[in-house]
Amino acid sequence: MRSTEMKLKHPLKALMLSVAALLATPTYAASNHGYAVDYIQGEGDVKGLKLAYQYHIPNEKLPFQHARLYFESSFNIWQYGKDNKHQTNIVLAMSPVIQYPVFNLKNMPVYVEFGIGVSLLDDTHFAGKNVSTHYQFEDRLGLVADLGDDSTLAVRYLHYSNAGFKSPNPGLDFISLSYAKRF
C-alpha cells in the first residue's frame, strides 16, 4: 500500500506544476503558443484529464492553403474503477496535428482534425487490458469549432495502440471534450 501512496504523490505534483505552467502568462508569449484542457472518457469506467501545450506553426510557413498545423505535448492522468479500488495511469504524449476547414456553423469555422503521435504509458496493465508496451501510438480524429478570440472547442476520438509491434495489442479508445486557447 505504501508504494501506491508514493506513486500517486509524484503524478499529483506533476499535475499541479503543469496546471500552473499552463495558466501562467510567460513573458515570451505569442499567438503561436497555446494550451488545451481535455476531459477524457474511455471504455468502461475510464475517465481522465489531459493537459497540453500546443505550438502552432504560422500559416504563412505552411505549404498547404487553409490548413493549420500544431505540435502538442501533453500530460494525461487516466483513472479506472471505483473510488476506493481504482487504477491510475500517467501518460506523456507528443503529436503533430493537422486541421482543415470543412464547413461553417452560424459563421463559426469548423475543422476536421487528425494526427498520429507517440506516447509513453506508466502502466501496461490498465482497465483490465494488457497493452504489452509502455510505448504506444496516439491516433486522433476530431471536429474543432473555432470560437474566435484564439480559442477552440473540440470533440475527439483518441486511440492508443502499439501498432502490432508486440502482442497482445488490444488498444485503448477514448472520446475527449477539449477547450484550447492561444496565449
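Just above sits the structure.
Residues numbered from 1 in each chain as written. Predicted model: local features only at pLDDT ≥ 70, side-chain atom pairs only at ≥ 80, totals over all residues. Heavy atoms only, no water.

Some details on the sheet that holds strand S4 (residues 86-105)
We count it as follows: The criterion for strand pairing is that DSSP finds at least two bridges linking the strands in question. Going along the chain from the N terminus, every DSSP run of H or I of four or more residues is numbered as a helix, and every run of E of two or more is numbered as a strand. Structural elements are reduced to axes, namely lines fitted to C-alpha atoms, with helices fitted over the stretch in contact, and the angle between N-to-C directions of any two is expressed from 0 to 180 degrees.
Taken together, the eight strands give a closed barrel; going around it, the order is S1-S2-S3-S4-S5-S8-S9-S10, and neighbouring strands pair in antiparallel fashion. On average, adjacent strands in this sheet sit at an angle of 25° to one another, irrespective of strand direction. The sheet contact formed by strand S3 (residues 68-81) and S4 spans 14 bridges and is antiparallel. Bridging across to S4, Arg68 finds its partner in Gln99.

Regarding the pattern of salt bridges
So the rule is basically this: Definition used for salt bridges: Asp or Glu carboxyl oxygen within 4 Å of a side-chain nitrogen of Lys or Arg. Remark: exposure states derive from per-residue accessible area (1.4 Å probe, protein chains only) relative to the maximum for the residue type, with buried under 20%, exposed over 50%, and partly exposed in between.
Under the defined criterion, the tally for this structure stands at ten salt bridges. For Glu72, the salt bridge goes to Lys50, with nearest N and O atoms at 3.2 Å. Of this pair, Glu72 sits in strand S3 while Lys50 is found in strand S2 (residues 46-56), placing the two residues 22 residues apart along the sequence. Pair check on accessibility: Glu72 and Lys50 agree, each one buried. Here Glu113 ties to Arg140 by a salt bridge, and the two come within 3.8 Å at their closest N and O atoms. Highlighted residues: Glu113 in strand S5 (residues 108-121) and Arg140 in strand S8 (residues 135-148), separated in sequence by 27 residues. Of the two residues, Glu113 and Arg140, both sit in the buried class. Via salt bridges that share partners, Asp38, Lys50, Glu72, Glu113, Glu138, Arg140 and Arg156 belong to a single interconnected network.

Here's the deal with the environment of Tyr55
Rules: In this analysis, two residues are considered to be in contact whenever any of their non-hydrogen atoms come within 4.5 Å of each other. Here a polar contact is taken to be a pair of N or O atoms separated by no more than 3.5 Å, where protein atoms must pair a possible hydrogen donor with a possible acceptor and residues adjacent in sequence count only if both atoms sit in side chains.
Topologically, Tyr55 is positioned in strand S2. Residue classification places Tyr55 among the partly exposed positions, given a relative accessible area of 29%. Sequence separation between Tyr55 and His33 is 22 residues; the distance between their C-alpha atoms is 4.9 Å. Other than its neighbours up to four places away in sequence, Tyr55 contacts Asn32, His33, Leu69, Tyr70 and Phe71. There is a polar contact of 3.3 Å between the side chain of Tyr55 and the side chain of Asn32.

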